[in-house]
Amino acid sequence: MKRTVRKPIIAGNWKMYTTVIEASALTRALVAQVKTDDVDVVLCPPFVNLLPVFDLIKNTLIKLGAQNMFYEPIGAFTGEISAVMLQAVGCEYVIIGHSERRQIMGESLDAIRRKVGAALDQGLIPILCVGETLAERESGVTRDVVTRQLQSALTGIISKQINSGSGLVVAYEPVWAIGTGRVATPDQAQEVHQHIRQLLCDQFDVSAAENVRLLYGGSVKPDNFAELILKPDIDGALVGGASLKAETFFSLIQQCGSKL
Ligand code: PGA
C-alpha cells in the first residue's frame, strides 16, 4: 500500500483518575508546553472533568475526548451520556470499546458497533479500541480476534463516513500490555497495524485505509515509544499511565512529532 502522510495523534486516556483539581492542574501544565500542532493531542479525562478541562484548552491546540458514550441520543438511560452531550462540552473524540469496558463492564460487540455509528453520525471521531488477550495471543488467534472486533464494530459504516467529515481512529491495544509494563515489540505492533490497515482497505477503500490513523496502546512510556512510532503503520499512541504526568506525556508528544 502506498505510504501517505498522516498527521500523528496521541491521546491521553486518564481512565478513572483525577479529581477536578488534579485534572485542571495536569491540563494547565500541558497547555504551557504544547505550542505546535504537528501532532493532534487529545485529552480524555473522566466525564465530570470534561467541562473544566475544555475551559482550559478551548483556545489552545489541545483537543478533548471522552472515554465512553451511549449510542442513544437522549432518553431514560440512567447513568449514560450521549454523543450530543459530549459535543456540547467540547469533545471532538470519543474512545469506544476499550478493553476495560469490554472485559469489566461486559460491553458487547453489538453495543460497540452501535456506539461507533452514533459517534460518527454526530460528527465525533471514534477512537475504536481492539486487541487480543494473552491467552488469545499465545494460542495464535491475534489476527482473528482483531478482525472480528474491527469488522463487527464497523458493520454498516460506509467509506463516505470515514473519508469525509470527522473520520475514524483505531487503537490497537493488546490487553496483555495494558497497565502491565509489558509492551508489544515494535514488530508485533506493526504486524497487527498493517493487518488492520488491510482490513480497512478490504472493507472500505484504499483512501479510507490510508487516512485512518492507527494508534498503539499498552504500557507506552518515553523509553519504549521511539521505535514504535517509527513503524510505518503506527501513527501515534493511546496512553494510559504515562499520560497522567505532564512531563512524560509531553515527552511522548514530542516523540510523535518526530514521525513527520
Ligand atoms: P497504559 O493504558 O498506557 O496504562 O498501559 C493504555 C490504555 O488502556 O489505553
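Our structure's up above, just so we're on the same page.
What counts and how
Residues numbered from 1 in each chain as written. Predicted model: local features only at pLDDT ≥ 70, side-chain atom pairs only at ≥ 80, totals over all residues. Heavy atoms only, no water. Near = heavy atom within 4 Å. Polar contact = N/O pair within 3.5 Å; in protein donor to acceptor, adjacent residues only side chain to side chain. Areas by Shrake-Rupley, 256 points an atom, 1.4 Å probe, with all protein chains shown as cover. Nonpolar A, V, L, I, M, F, W, Y, C, P; charged D, E, K, R; others polar. Salt bridge = Lys/Arg side-chain N within 4 Å of Asp/Glu carboxyl O. Helix = DSSP H or I, 4+ residues; strand = E, 2+ residues; numbered from the N terminus. Expected span 1.5 Å × (residues − 1). Buried < 20%, exposed > 50% of the residue type's maximum accessible area, 1.4 Å probe, protein only. Arc of directions from axis to C-beta. Contact = heavy atoms within 4.5 Å.

J.: How should I be thinking about the site of the ligand in this particular structure?
T.: What surrounds the ligand is a group of 13 residues, the closest being K15, H98, E173, G179 and S219. Contact distances for the ligand include 2.7 Å between an oxygen atom and a backbone N or O atom of G179. At a separation of 2.7 Å, an oxygen atom of the ligand approaches a polar backbone atom of S219. For the ligand, whose free accessible area comes to 280 Å², the fraction covered by protein is 95%. Residue composition of the shell around the ligand, grouped by class: 4 nonpolar, 7 polar and 2 charged.

J.: Would you mind going over the pattern of salt bridges with me for this structure?
T.: If the charged atoms of two oppositely charged side chains come close together, the side chains can form a pair. Under the criterion given, the structure shown has 14 salt bridges. Here K231 ties to D187 by a salt bridge, and the two come within 2.8 Å at their closest N and O atoms. Taken together, the residues K231 in the loop between α11 (222-229) and β8 (236-239) and D187 in helix α9 (residues 186-203) connect sequence positions 44 residues apart. Measuring nitrogen to oxygen at the nearest pair gives 2.6 Å for the salt bridge that ties D233 to R197.

J.: What is the right way to read helix α1 (residues 20-33) from this model?
T.: Since the α-helix packs 3.6 residues into each turn, any two residues three or four apart lie on the same face. Taking 1.5 Å of rise per residue, 14 residues should cover 20 Å, and α1 covers 20 Å from first to last C-alpha, within 8% of that figure. Residues of α1 that are buried include every one of A23, S24, L26, T27 and L30, and no others. With its buried residues spanning 165° around the axis, α1 presents them on a single face. Structural note: α1 exposes I21, R28 and A32 on the side pointing more than 90 degrees away from its buried face. On its buried side, α1 packs onto β2 (40-44), α2 (50-57) and α12 (246-257).

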